[in-house]
Amino acid sequence: MAEMKTAIGLMSGTSMDGIDIALVRTDGRDTVERGPAQGIAYDAKFRTRLKQALEDATSITRRDQRPGTLAAVENELTLRHADAVRNFLNENNLQPADIDVIGFHGQTVLHRPDAALTVQLGDGALLAHETGIAVVHDMRANDMVHGGQGAPLIPVYHAALAAGLPAHLHSKRPVVFVNIGGISNLTFVGTDGRIVAYDSGPGNTLIDQWVEAHAGIPYDQGGMIASEGRVLADLADRYLSNPFFTGTRRRSLDRNDFSPPTGGDASLEDGARTLAYVTAAAILKSSGHLPERAGIYVVCGGGRLNRIIMRDLAELAFADEATVIAAEEAGLNGDAMEAEAWGYLAVRSVEGLPLTFPGTTGVTEPVTGGVLNTPGGATRSNPD
Ligand SMILES: Nc1ncnc2c1ncn2[C@@H]1O[C@H](COP(=O)(O)OP(=O)(O)OP(=O)(O)O)[C@@H](O)[C@H]1O
Ligand SMILES: CC(=O)N[C@H]1[C@@H]2OC[C@@H](O2)[C@@H](O)[C@@H]1O[C@H](C)C(=O)O
């Protein structure tokens, strides 16, 4: 059996709501022991800086460029992650020496798979120096060098989790993991262990942008606002007829690939209701590209806390004879799954194991990736 390593994973996702941090012990293969996890919300001021960073990033043509505010935001973002790690270690009575490696996602500020360009802010060397722990960062780039979409990367972790699910959940029909973050993505794990994965559509970002613009709040808690609205069929159709769903080639999404409705399109409630439906319907529509129909959808990410999204998803899946459960009903942590995945991926990177596969990102062959930074200042790309 391969050696077990202790890893911390750090995720700052496309919702830009904060840092998720989680501990896993794993051999980077099928054995995963999940440890404590924590979420640290960004304050409104830093969220505004991140939004500005996304705008500044639109002029990037080479992934090492940091125009406008980007260099300063990258520094601040990294120091916030370092604080998060120190605090997490303290709260869990751990020392830096207890941790073999940190998997650091950083913040995606630009993702253009058609131009093989993906940019995550996050200074791995600085984080290693600050924490005294080895850090693997920049795990998407090598996939793109080999023709992949650079996302999603979580599927290999979903497959490891699927192997540990209770048999009644997945032995007869395939399980599909769904992550409803800012963008949604799904991973099909066949009964024979085959993985197929891709981004499935807008997640919470459109809803967040809509309620922020029209009610001044960051998200629709529990789907309360949506619960008072009705689905506007024309508006929903406008989203669901986007070439993203009708094209045959699967492509990964940038946060800005879909725009929120304009003010005159709907009332606050109807807009929130329609966008919740769009999120659910996009997942089911995208599932049509899977090799087999799902038996069960296991949902993680903040969108599972929006009751209207979950109700719509359950109704649409029921029509397809599938069931929908939140990750917790499968004994998993729906808030921490991405952070756990980044810890798991960091261990795989250190071991030189593939992070992505033709069936997940469209990469030409299974490839590893990531850049390893030691606290002493050494840096090594994987593969060299
Ligand atoms: N209680 C809640 N009720 C409804 N929605 C919620 C709730 N809590 C969080 N959310 C939604 O979930 C979002 C955050 O989800 P999550 O942290 O999974 O996304 P992310 O990791 O940033 O994105 P991605 O997976 O695309 O990188 C919030 O922006 C909000 O829209
Ligand atoms: C470029 C980028 O950051 N993509 C994210 C985003 O958020 C969800 C979806 O779009 C997914 O493709 C990916 O994150 C997940 C964690 C992944 O790579 O698996």
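Residues numbered from 1 in each chain as written. Chains lettered and ligands numbered in written order. Predicted model: local features only at pLDDT ≥ 70, side-chain atom pairs only at ≥ 80, totals over all residues. Heavy atoms only, no water.

Structural notes on helix 8 (residues 233–240)
Next up, step 1: Where helix 8 is concerned, the buried positions are Leu235, Ala236, Tyr239 and Leu240. All buried residues of helix 8 lie within an arc of 130 degrees about the axis, which places them on one face of the element. For helix 8, the exposed residues lying more than 90 degrees away from the buried face are Ala233, Asp234 and Arg238.
Next up, step 2: On its buried face, helix 8 is in contact with helix 7 (205–215), helix 9 (243–246) and helix 10 (268–287). (Buried < 20%, exposed > 50% of the residue type's maximum accessible area, 1.4 Å probe, protein only. Helix = DSSP H or I, 4+ residues; strand = E, 2+ residues; numbered from the N terminus. Arc of directions from axis to C-beta. Contact = heavy atoms within 4.5 Å.)

Looking at the site of ligand 2
Next up, step 1: Around ligand 2 lies a shell of 16 residues, among which Thr108, Arg140, Leu153, Ile154 and Asp199 are the nearest.
Next up, step 2: Residue Arg140 places a side-chain N or O atom 2.8 Å away from an oxygen atom belonging to ligand 2.
Next up, step 3: A distance of 2.9 Å is found between an oxygen atom of ligand 2 and a backbone nitrogen or oxygen belonging to Leu153.
Next up, step 4: Where the shell around ligand 2 is concerned, the elements lending two or more residues are strand 4 (101–112), strand 8 (183–189) and helix 12 (337–351).
Next up, step 5: The element that contributes the greatest number of residues to the shell around ligand 2 is strand 4, accounting for 3 residues.
Next up, step 6: Each residue belonging to the shell around ligand 2 can be placed in one class, and the counts come to 7 nonpolar, 6 polar and 3 charged.
Next up, step 7: Residues lining the shell around ligand 2 come from more than one domain, with at least three contributed by each of domain 1 (5–150 + 364–381) and domain 2 (174–321). (Near = heavy atom within 4 Å. Polar contact = N/O pair within 3.5 Å; in protein donor to acceptor, adjacent residues only side chain to side chain. Nonpolar A, V, L, I, M, F, W, Y, C, P; charged D, E, K, R; others polar. Domains from an automatic or database assignment.)

Topic: the packing of helix 8 against helix 10
Next up, step 1: Interhelical geometry of helix 8 versus helix 10 gives an angle of 40 degrees and a closest axis separation of 10 Å. Our classification of the angle between helix 8 and helix 10 gives oblique. For the element pair helix 8 and helix 10, the recorded crossing hand is right-handed. Across the interface between the two elements, Leu235, Ala236, Tyr239 and Leu240 of helix 8 pack against Thr274, Leu275, Tyr277, Val278, Ala281, Ala282 and Lys285 of helix 10.
Next up, step 2: Split by residue class, the contact of helix 8 with helix 10 holds 9 nonpolar, 1 polar and 1 charged. (Axes fitted to C-alpha atoms, helices over the stretch in contact; angles between N-to-C directions. Parallel < 35°, antiparallel > 145°, perpendicular 65-115°, else oblique. Left-handed = near helix turned anticlockwise from the far one by under 90°.)

Looking at the pairing of strand 7 (residues 175–180)
Next up, step 1: Counting buried positions along strand 7 yields 6 of 6 residues, so the element is predominantly enclosed.
Next up, step 2: Neither face of strand 7 is left uncovered, since the one carrying Val175, Phe177 and Asn179 and the one carrying Val176, Val178 and Ile180 both have all their residues buried.
Next up, step 3: Pairing between strand 7 and strand 8: 6 bridges, direction antiparallel. Bridge assignment links Phe177 to a residue of strand 8, and that residue is Thr187. (Pairing = 2+ DSSP bridges.)

Points about the sheet that holds strand 10 (residues 296–300)
Backbone-to-backbone hydrogen bonds join strands into a sheet, with any given pair of strands oriented parallel or antiparallel.
Next up, step 1: Spatially, 9-8-7-10-11 is the arrangement adopted by the 5 strands of the open sheet, whose pairing is mixed. Each edge of the open sheet carries a strand with a single partner, namely strand 9 (195–202) and strand 11 (323–326). The mean angle between the axes of side-by-side strands here comes to 20 degrees, regardless of whether they run parallel or antiparallel.
Next up, step 2: Seen against the sheet, helix 10 touches strand 7, strand 8, strand 9 and strand 10 and runs at an angle of roughly 150 degrees to strand 9.

Observations concerning the domain arrangement of the protein chain
By a frequent convention, interface size equals the accessible area lost on bringing the separate parts together.
Next up, step 1: In terms of domain boundaries, the protein chain breaks down into domain 1 (5–150 + 364–381) and domain 2 (174–321).
Next up, step 2: Measuring from the centre of the C-alpha atoms in domain 1 to the corresponding centre in domain 2 gives 25 Å.
Next up, step 3: Counting residues at the interface gives 11 residues for domain 1 and 15 residues for domain 2.
Next up, step 4: In this assembly, domain 1 packs against domain 2 so that about 1,000 Å² is buried in total across both faces, 36% of it on carbon and sulfur atoms.
Next up, step 5: On the domain 1 side of the contact with domain 2, Thr14, His111 and Gln149 bury the most area, a combined 44% of that side's loss.
Next up, step 6: In this structure, the connection of domain 1 to domain 2 is made through 2 salt bridges.
Next up, step 7: Elements supplying a minimum of two residues to the side of domain 1 that touches domain 2: helix 1 (44–57) and strand 4.
Next up, step 8: Its residues placed into classes, the side of domain 1 that touches domain 2 shows 4 nonpolar, 4 polar and 3 charged. (Buried area = accessible area lost by both parts, 1.4 Å probe. Salt bridge = Lys/Arg side-chain N within 4 Å of Asp/Glu carboxyl O.)

Quick notes on the UniProt feature "binding site: ATP" (unreviewed entry) in the protein chain
Next up, step 1: UniProt feature "binding site: ATP" (unreviewed entry): in the numbering of this structure it lies at Gly13, Thr14, Ser15, Met16, Asp17, Gly18, Ile19 and Asp20.
Next up, step 2: Counting through the fold element by element, Ser15 comes out in the loop between strand 1 (5–12) and strand 2 (18–26).
Next up, step 3: With relative accessibility at 16%, the residue Ser15 sits in the buried group.
Next up, step 4: Those residues in contact with Ser15 that sit more than four places away from it in its chain are Arg47, Gly181, Gly182, Asp208 and Arg255.
Next up, step 5: Structurally, Ile19 is set in strand 2.
Next up, step 6: Each residue touching Ile19, except ones within four places of it in the same chain, is listed here: Leu10, Met11, Gln38, Gly39, Ile40, Tyr42, Arg80, His81 and Ala84. (UniProt positions renumbered as here; feature names shortened; annotations may be inferred.)

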